[in-house]
Protein chains: 2
Amino acid sequence: MTRNPTLIVAPPALADHAARLGNLLDGLLSARTLPGEIERPERLRAAMAHGVLGGGKRLRPFLVEESAALFGATGAAILRVGAALELIHCYSLVHDDLPAMDDDDLRRGQPTVHRAFDEATAILAGDALLTLAFDLMTSEETDLPADRKLALAGGLARASGIGGMVGGQMRDLEAESAPRPLSASDVETLQSMKTGALLRYACEAGAIAAGASTDEQSRLRRIGEILGLAFQLADDLLDITSTPETAGKATGKDADANKATLPSLNGTDWTRQRLEQLVEEATGLLSPFGDKAETLVQTARFIAFRDR
Amino acid sequence: MTRNPTLIVAPPALADHAARLGNLLDGLLSARTLPGEIERPERLRAAMAHGVLGGGKRLRPFLVEESAALFGATGAAILRVGAALELIHCYSLVHDDLPAMDDDDLRRGQPTVHRAFDEATAILAGDALLTLAFDLMTSEETDLPADRKLALAGGLARASGIGGMVGGQMRDLEAESAPRPLSASDVETLQSMKTGALLRYACEAGAIAAGASTDEQSRLRRIGEILGLAFQLADDLLDITSTPETAGKATGKDADANKATLPSLNGTDWTRQRLEQLVEEATGLLSPFGDKAETLVQTARFIAFRDR
């Protein structure tokens, strides 16, 4: 399989989905107080909205939606499941940007939450977004059978907690103060937790929400794992090969920070070859779904070979 | 009703419950990685354990257990519901102690998590505890019907999120930088969110977990609300009337911080009278349960008239 530049575009459905998801999130973060709540402090609500609205590809909820669609499931409940996952992703960005963590002033060209508001507000906004994700996933308004909602909420917790995303962030912090760069194996574990766990869960969640069999859930979990690996490899490769103008963000950051990545350890040729393998593997796992999987196949290529 | 000093002791069941809950939390925070998790970083696990284990009255899960017992429900699942609530309480303490928030170095005589570890680890430990709470509440091992677990998880999210505990913490931060002390009405709203929401939910959660009717859930919710009011009034009264030796912690903090509380606004006589009213109201609401409510009645008196 050779890389075909004409296919390296975002699937058209991605932008349509992002608009629908944005509307849902906007509604959830509007000022109204929900039953069971007392009052929503306006400044906290605004900080949460700042951390969630206004940008982002919404890749994780898009994977939920396209994975569910493989089994014929579409609609508002699937979008809500994706929104819960996106809230978890967004809270993690708000907390990762804090001065005690990565200390970032800008995200997507806008001031980070602790810069636009203050540090305490950013901590609380992250906490409230995390909490809102589980509210949304378990809500009566999320019209799915009770056992599926429980499986979805539990899976989200496992993917994002100490043994998943948060644990991966901890390993990343530890790597920064380690005496030498990580081995390839340690890098793989770190990334499978920090960014891989949520992407893997996104595809699995689509299958769970659609009521797919456990075998089919495992297949989607594996597809999500492959997409997660490709996502991170492509990100790390762009950091080496791209310019800030093309990437739309600073590049060369990993080398400056003496941070080990698989492309830095194994080289760019190995990385491109590995990306092609991963796309091929995902395409093979998706082949039983025929035309229904067309968008996911295109998404896999986009994730692997995007230029930003 | 007059205050009877001989009754102002902790209910004997409180210590027994705290020991059982401690064992459960200890097991949850031991090193093993759960299915669906990748790996648990040891330093993060240790920080979580530091923030949860080793002390605390475990009042909230005790209220869950005693409220469920009113309807004849006891056992491991009820304890797990209480443990989920306690994890939320503990994460909020870890984050509240952070330098950007209350900047506390000590809690229960031990270094706070960010002092014992570091600030980034404390942020992540809080995030992971919050996440673990929802994992526990929605887990297959929590042996309750699916609809009850969903109602419990949703209720926990509403009680602890932007419209509850986290929103109350936000109001507290805003009050500190406000040009003048809050009015009594603003203090009541703040406290009903910051400390009241979880205590109210504790009693309601016991009723939900036990499968009680919605009328009975409302009754327990109201009882929890009264206990929350009494808890905060007693706390604020002790800050005025007690010595550090008796209270076991610094006193006079609210006056030093020029912080409005109901006892500081309305006086100590009003406060003692209000506490007696609240205990009487709770006792009345509990009277239909007869002997089964004896421990909760004693708990109400303990909450209102404790000396530390």
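Per an unreviewed UniProt entry, the recorded name for chain A is Probable farnesyl diphosphate synthase, and the organism is Notoacmeibacter ruber. Under the UniProt heading Cofactor (unreviewed entry), the note attached to chain A is "Mg(2+)".

Engineer: How should I be thinking about the interface of chain B and chain A in this particular structure?
Structural biologist: Think of interface size as the accessible area that goes away when the parts come together; that is how it is often given. With 55 residues of chain B in contact, the opposing surface of chain A contributes 54 residues. Both faces considered, chain B and chain A share a buried interface measuring about 4,900 Å² in area, 70% of it formed by carbon and sulfur atoms. The tally of links between chain B and chain A comes to four salt bridges. The partner of Asp135 of chain A in a salt bridge is Arg158 of chain B, and the shortest N-O contact between them spans 2.6 Å. Joining chain B to chain A, the criterion identifies 10 residue pairs in polar contact (both at pLDDT 80 or more). Put simply, the parts of the chain that give the side of chain B that touches chain A at least two residues each are α2 (42-52), α4 (76-96), α6 (119-138), α7 (146-160), α8 (165-176) and α9 (184-209) of chain B. No other element matches α6 of chain B, which puts 12 residues into the side of chain B that touches chain A. Classifying every residue of the side of chain B that touches chain A by side-chain character gives 27 nonpolar, 13 polar and 15 charged.

Engineer: Looking at this structure, how should I read α6 of chain B?
Structural biologist: Residues spaced three or four apart along an α-helix face the same direction, because each turn holds 3.6 residues. All names here are of chain B. The terminal C-alpha atoms of α6, which comprises 20 residues, lie 29 Å apart, in line with the 28 Å expected from a rise of 1.5 Å per residue. By the criterion of burial, α6 is predominantly enclosed, with 19 of the 20 residues buried. For α6, the capping residue at the N-terminal end is Asp118, with a side-chain oxygen 3.2 Å from the backbone nitrogen of Ala120.

Engineer: What's the story with the relation of the copies chain B and chain A in this structure? I'm lost.
Structural biologist: Between the two copies of the chain lies a rotation about an axis combined with a shift along it. Between the two copies, chain B and chain A, the superposition gives an RMSD of 0.0 Å; the rotation angle is 180 degrees and the shift along the axis is 0.0 Å. The symmetry that links the two subunits is that of a two-fold axis. Proximity to the rotation axis, assessed at the C-alpha, singles out Ala146 of chain B in chain B; its C-alpha lies 2.9 Å from the axis. The share of interface residues of chain B whose copies in chain A are also at the interface is 98%, consistent with both copies meeting through the same surface.

Engineer: I would appreciate a short explanation of the pattern of salt bridges in the present structure.
Structural biologist: Side chains that differ in charge, positive against negative, can pair when their charged atoms come close. All names here are of chain A. For the coordinates displayed, the defined rule picks out 34 salt bridges over all chains. Among the ionic pairs, Arg20 bridges to Glu65, the shortest N-O distance being 2.7 Å. Here Glu65 lies in helix α3 (residues 59-69) and Arg20 lies in helix α1 (residues 12-28), a separation of 45 residues in the sequence. When its relative accessible area of 14% is taken as the criterion, Glu65 is described as buried. Members of the salt-bridge network, linked through shared partners, are Arg200, Arg222, Glu225 and Glu281.

Engineer: Can you help me understand a negative patch on the surface in this one?
Structural biologist: Residues and elements named next belong to chain A. A cluster of acidic side chains, namely Asp102, Asp103, Asp104 and Glu176, defines a negative patch on the protein surface. Residue position: Asp102 is located in the loop between α4 (76-96) and β1 (106-107). Look at Asp102 and you get partly exposed, because its relative accessible area is 32%.

Engineer: I would appreciate a short explanation of the packing of aromatic side chains in the present structure.
Structural biologist: Two aromatic rings are characterised by how far apart their centres lie and by the angle between their planes. One pass over the structure, following the stated rule, counts three aromatic pairs over all chains. Ring centres of Phe71 of chain A and Phe289 of chain A lie 5.4 Å apart, and the angle between their planes is 85 degrees; on these two criteria the pair is classed as edge-to-face. Here Phe289 of chain A lies in the loop between α14 (268-286) and α15 (294-305) and Phe71 of chain A lies in the loop between α3 and α4, a separation of 218 residues in the sequence. Ring centres of Phe134 of chain A and Phe134 of chain B lie 4.9 Å apart, and the angle between their planes is 5 degrees; on these two criteria the pair is classed as stacked. Of the two residues, Phe134 of chain A is situated in helix α6 (residues 119-138) and Phe134 of chain B in helix α6; the pairing between them involves two chains. Judged by relative accessible area, Phe134 of chain A falls into the buried class, the value being 0%.

Engineer: Looking at this model, I keep getting lost on the state of the cysteines. Mind explaining?
Structural biologist: Working definition of a disulfide: a covalent bond connecting the sulfur atoms of two cysteines. Inspection of the entire model under this criterion finds zero disulfides over all chains. Here Cys90 of chain A is not disulfide-linked; the sulfur of Cys203 of chain A is the nearest cysteine sulfur, at 18 Å.

Engineer: Please clarify how the side chain of Arg306 of chain B should be interpreted in this entry.
Structural biologist: Residues and elements named next belong to chain B. Examined against the element boundaries, Arg306 turns out to sit in the segment after α15 (294-305). Reaching out from Arg306, the side chain makes a polar contact with the side chain of Asp235 at a distance of 3.3 Å. A distance of 2.9 Å separates a polar atom in the side chain of Arg306 from the backbone oxygen of Ile303. Residues in contact with Arg306, not counting those within four places in the same chain, are Ile8, Phe231, Ala234, Asp235, Leu238 and Arg301.

Engineer: Sorry, what's going on with unusual backbone geometry here?
Structural biologist: In most cases, non-glycine residues show a negative phi, while peptide bonds are predominantly trans. Of note, the phi angle at Arg58 of chain A is positive, near 60 degrees, even though the residue is not glycine. Accessibility expressed as a relative area gives 5% for Arg58 of chain A, which makes it buried. Notably, Arg108 of chain B is not glycine yet its phi reads approximately 50 degrees, a positive angle. Considering the arrangement of structural elements, one finds Arg108 of chain B in the loop between β1 (106-107) and β2 (110-111). Here Arg108 of chain B falls in the partly exposed class, since its relative accessible area comes to 42%.

Thresholds, definitions, all that
Residues numbered from 1 in each chain as written. Chains lettered and ligands numbered in written order. Predicted model: local features only at pLDDT ≥ 70, side-chain atom pairs only at ≥ 80, totals over all residues. Heavy atoms only, no water. UniProt positions renumbered as here; feature names shortened; annotations may be inferred. Contact = heavy atoms within 4.5 Å. Buried area = accessible area lost by both parts, 1.4 Å probe. Salt bridge = Lys/Arg side-chain N within 4 Å of Asp/Glu carboxyl O. Polar contact = N/O pair within 3.5 Å; in protein donor to acceptor, adjacent residues only side chain to side chain. Helix = DSSP H or I, 4+ residues; strand = E, 2+ residues; numbered from the N terminus. Nonpolar A, V, L, I, M, F, W, Y, C, P; charged D, E, K, R; others polar. Expected span 1.5 Å × (residues − 1). Buried < 20%, exposed > 50% of the residue type's maximum accessible area, 1.4 Å probe, protein only. Least-squares fit on C-alpha atoms with pLDDT ≥ 70 in both. Patch = residues over 30% accessible without salt bridge, like charges linked within 9 Å, V, L, I, M, F, W, Y side chains within 5 Å. Areas by Shrake-Rupley, 256 points an atom, 1.4 Å probe, with all protein chains shown as cover. Lys, Arg positive; Asp, Glu negative; His and termini not counted. Charge placed at Lys NZ, Arg CZ, Asp CG, Glu CD. Phe/Tyr/Trp six-rings, centres within 6.5 Å; stacked < 30°, edge-to-face > 60°. Disulfide = S-S within 2.5 Å.

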